[in-house]
Amino acid sequence: MHVLKRRSALTLLSASIAFASGVAVPSFVYAEVSSVSVRYYDVPAGALAQALNTFAAMSGVYLGGSAELLSGKRTLGFKGEYSTTQALDLLLLGTGLSYVQGKGNSVVLIDPNAVSTDENGITMSPLLVESGRSTTTLGKNVLSSSEIESMAGDTSNLTDLLKGNGAVRFSRSSSTSASSASMRPDEVSIHGQSHYQNSYVIDGMSANNDLNPGDSEDTYSNPISPTNLSMLSGSSSQSYYVDPDALESVTVYDSNVPVEFGGFLGGVISSTLKRYDGEDYLSVKYAISKDEWDEMHADEDLEEDLADGDSIEGEYTPEYLKQRLTLTGAQGITDKLGMTFTASRATSAFDQSYVKNIGNTVYGKQGVEYDDTVDNAMARFDYKASQNLDVGVSMLYGFWPEDFDQIRQKVTDIAKRNKDAAKNRGTIWSIKMVEAVTSDKVLPDPQQSNDRILRLVDSISLADVNARLRQWLSSPDRILYTQAVGGKAVNIGSVESIDDIFQEMESRPLAALQTEHVVAAKTLPEVTQKGTVTLTSRNVELGVSRWSLSNGDFLTLLDPTVLAERYQIEASGEGTKSYFTAVSAAGYHVKQGSTWAEQIAVQMSEATGVYGWSDDEFQQWRKDNKVSLSSKQKAQNLVYRASIDDEKIESLLGLYHVNQVTPHIDHDVYDTVMASLKRNASVDVVRPIEAFSRRIAKARFESNNVTLTVADLAPLSLEKLEQTRQKQVALPVQYFIVSRLPESDITALVEQYLATVPRDLSASKLSQSALVNDETTPVLQLAGNRVVDLSLNTEPKAEYRFYAYQAVPWSPSAALQLTYLGERLETMLKQRLRSEVQGVYSVRVGLELNKETNRAELSIQYSSAPARLDDLATMTTDVLAQWPSMVTAEWASEIQEAFADVEQNRLANDFDGTLSHRLELSERFYGNAQYLNDMDELSLALSEAKLNAFVEHLSFNDRVIGFFRPKE
């Protein structure tokens, strides 16, 4: 008898709400469920998925979350009159699930064991990447199906899934308000290579677009005009806009790329479609986003542009409607054959108008209506031939006649309109000619170009297109991978010699099948000794106590329930988390010795995990105990942080204890990491932009030691690195713990796991207020003014970089003021660009208070046409001279109100996590808990008077300026 298992999927109706200055960026926001109204519920016991649908129908609440959370779960059911939150708590009782709530009437189900919180909100732990001993993890990042489904936000295409990968850099246009309506995937760069140098693979088949992939300018920011002959909506590096719902996993290789991939200079984004695993299911999802649900904030000078949807680059989309319907499922066909399928349609309708101007002179406006559609239809068949052999076949559909006709008609209509418009070559044509001359670019004749497009379109048939598609998909996977450093010539031989290589490989016998690897369950070594902890002070009003440990370490302990009463934060009680931080002076910027040794020793120790365990054993232990301990090393300190369920805090402290008392490095980890570092260091090819960045770094810090060399690695033996690591863990530590557990329980664990770690008290000076190691120094930009001017760029564009600092003692108020002043500065620079300078491609501004150096650090970066570079430098100097005029009463009032909302949400959603971060800052810089006592006064720092008093002292006279020009 064949039994079919079926599962339901939750459906989320998502509203996109944007908050920005000048432009609007969509973001999905969770809303708070009203718990005031009381309803009568009658939800029977049974499958949780069915019960949730019943609850949603009764309560009117929108439910969302991953369908995998519901698989196999049941509810006890309930009956009676309850508020919404009470009913939801009863419904989820015993399931292990929880939920996130905010304003409005929507709820997202979560697994609380897979969620961590910080000041920025909710983070799904599967996105955290930690080093491990496995040699296959270097340069490789894998997203599983559960991680893909758990990602927050509008993940409507493949590259949206890569935003948590540090090696992937997104196009600067991805943060503009054009993304409100655009459905084109962002272009990405891996380790600085061009976006069209990446390799996209779906189930082993190439998904690269070979039709002018470098022309990725979309028509939303570069509208179609008589002089713009780019492809419709620009080209793209991807041949398919893949729906993430169809994917089982996504693997990104940014280095150490396997030999089967080739034909690229960047990285590899390899996707696999969902496989049939014996379980039948059907899921329907619908998402909608429209401008009526957005809240856009703009400066008064930009309100008219925003209303019309116009700017220099046509970047605004104030009116739009986006919809997406996705059908995914799996179905068994026979006992051995099954299939998975995905069909989706995403549409976006929006209007824009464009203005061409130079200075204050306007040269006409053009309106464009867009109606975009992205269709996906994919299927995969999986056949289990035997116990040890599975065969899978993937299919991505060809073009239907109506698809082909629609696209061809669009191209034809646009080409004809361009021809008609080209008959009147007025001011816009003159502007284009000037831009072409100044940028040294070819300006094609629009009539000739569009005639050529029309001839080409008429010569292409649907049969031609689908034949080419089938040819690509049915081509054998024969890949010969070669590479040479520095553009050296590669002799790959003749066709016959290559065929001989493949034939020889095919004749080789397959290796024996590997047996299943069983991971042994491990337990941490038992700690039998105990130290002591002594109370040194207590602040009852704040719930803060300070303790000294018998090994010389210190502990600051905070009970958040005390401050929760002051801020009227409801204590959740059950299912709470504890927050752990350990700070030592084991920074990497040492006066004597190797800064590289300090960093590599920490990283190899972390990759080792528990010395004596295999990586599989360590990862299995972490998974079973739900423990994640992260580390971050800076110039003068080393910090360990973790948030953990209260019942698992002993496991966390036990892992930290092992990390400190057995700081050994595994031989395999040492060999693998050193081989990779030496291989990278031996490459002597330096790209022009890297040479420019190194010159900038040398001008800022007067150091040549910014790039790891083979000579740096030579003395770093395993013994040397273990000695370095042992010296690091001997330094005293200051701990911060925020927990709702009884104080006696925490101190007992501290006596067992923390007070028994041996320390060398002569290694550093430790006090309750600071950790000081005389052997390290901060990384500081040098005083004075320096200019770096290089003409090395091989592309016809230029870059301007500005780095400056000013001494500002750290305080919460100063840090907050600089954050908003940085946003204000960026807004003013963009306003000047719109009115005075043409040919600017991107602008980035950063202004922050570095708590490690007590300096306000300012960075400004432009990319532009070469002829505009010196104008940008002059304009930047002028704007920086106007700090006092940046502060107005209206702006101060606006940011005060905005910060009040942010602070209220932060405390409501992550009260304990916020206290943990601020407790650490307060104790390190004040020596007491003053910051916690003054939190409700933070917004006062944003008053007009205090902002004016602050900016009066800003000058940023110590500067390094860089000019990166095209090669002459």
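All values derive from a computational prediction rather than experimental measurement.

Peer 1: Can you lay out the overall build of the chain for me, pointing to particular residues and giving the numbers?
Peer 2: Helix and strand counts for the chain stand at 25 helices and 37 strands. Looking at the 968 residues of the chain, the share that counts as buried comes to 45%. Partitioning the contacts of the chain with sequence separation of at least 6, the portion at a separation of at least 24 is 75%. Carbon and sulfur atoms provide 51% of the accessible area of the chain, an area that totals close to 48200 Å².

Peer 1: Please provide a residue-by-residue account of the pattern of salt bridges, values included.
Peer 2: Inspection of the entire model under this criterion finds 21 salt bridges. With a shortest N-O distance of 3.1 Å, Asp870 and Arg965 are connected by a salt bridge. Taken together, the positions of Asp870 in helix H20 (residues 869-880) and Arg965 in strand E37 (residues 958-966) put the pair 95 residues apart, joining distant regions of the chain. Relative accessible area serves as the criterion here: at 42%, Asp870 is assigned to the partly exposed category. Classification of Arg965 by relative accessible area gives buried; the value is 18%.

Peer 1: Just give me the short version of the sheet that holds strand E33 (residues 785-793), but keep the residues and values in it.
Peer 2: Within the open sheet, the five strands sit side by side as E33-E37-E34-E36-E35. Their pairing is mixed. Since the sheet does not close on itself, it has two edges, and those belong to E33 and strand E35 (840-850), each with one partner. Mean inter-strand twist for the sheet, computed between neighbouring axes without regard to direction, equals 10°. Of the strand pairs in this sheet, E33 and E37 are connected by eight bridges, and their pairing is parallel. Opposite Asn793, over in E37, you have Pro966 as the bridge partner. Together, E33, strand E34 (798-807) and E37 form the strand contacts of helix H15 (residues 688-701), whose direction differs from that of E33 by roughly 170°.

Peer 1: Tell me about the side chain of Arg740, and please be specific about residues and values.
Peer 2: By secondary structure assignment, the location of Arg740 is in the loop between strand E30 (733-738) and helix H18 (743-754). Residue Arg740 is classed as buried on the basis of its relative accessible area, which comes to 18%. A distance of 2.8 Å separates the side chain of Arg740 from the side chain of Asp912, its partner in a polar contact.

Peer 1: Got a sec to walk through the packing of aromatic side chains? Specific residues and values, please.
Peer 2: Tallying each qualifying case throughout the model produces 13 aromatic pairs. Ring geometry for Tyr567 versus Phe911: centroids 6.3 Å apart, planes at 55°, classification tilted. Residue Tyr567 is located in the loop between helix H10 (560-566) and strand E27 (577-584), and its partner Phe911 is located in helix H23 (residues 911-925); the two are separated by 344 residues in the primary sequence. Ring geometry for Phe692 and Phe964: centres 4.9 Å apart, planes at 20°, overall stacked. Of the two residues, Phe692 is situated in helix H15 and Phe964 in strand E37; the sequence distance between them amounts to 272 residues. The class for Phe692 is buried, based on a relative accessible area of 0%. Linked through ring pairs, Phe580, Tyr640, Tyr656 and Tyr735 together constitute an aromatic cluster.

Peer 1: Run through the pairing of E27, naming residues and quoting values.
Peer 2: Most of E27 is tucked away: eight of the eight residues are buried. Relative to E30, E27 is paired through six bridges, and the arrangement is antiparallel. Bridge pairing links Phe580 to Ile737 in E30.

Peer 1: Lay out the environment of Gly267 in plain terms, naming residues and giving numbers.
Peer 2: Following the sequence through the fold, Gly267 ends up in the loop between strand E17 (247-253) and strand E18 (268-273). Taking C-alpha positions, Gly267 is 6.3 Å from Ser199, a pair spaced 68 residues apart along the chain.

Thresholds, definitions, all that
Residues numbered from 1 in each chain as written. Predicted model: local features only at pLDDT ≥ 70, side-chain atom pairs only at ≥ 80, totals over all residues. Heavy atoms only, no water. Helix = DSSP H or I, 4+ residues; strand = E, 2+ residues; numbered from the N terminus. Buried < 20%, exposed > 50% of the residue type's maximum accessible area, 1.4 Å probe, protein only. Contact = heavy atoms within 4.5 Å. Areas by Shrake-Rupley, 256 points an atom, 1.4 Å probe, with all protein chains shown as cover. Salt bridge = Lys/Arg side-chain N within 4 Å of Asp/Glu carboxyl O. Pairing = 2+ DSSP bridges. Axes fitted to C-alpha atoms, helices over the stretch in contact; angles between N-to-C directions. Polar contact = N/O pair within 3.5 Å; in protein donor to acceptor, adjacent residues only side chain to side chain. Phe/Tyr/Trp six-rings, centres within 6.5 Å; stacked < 30°, edge-to-face > 60°.

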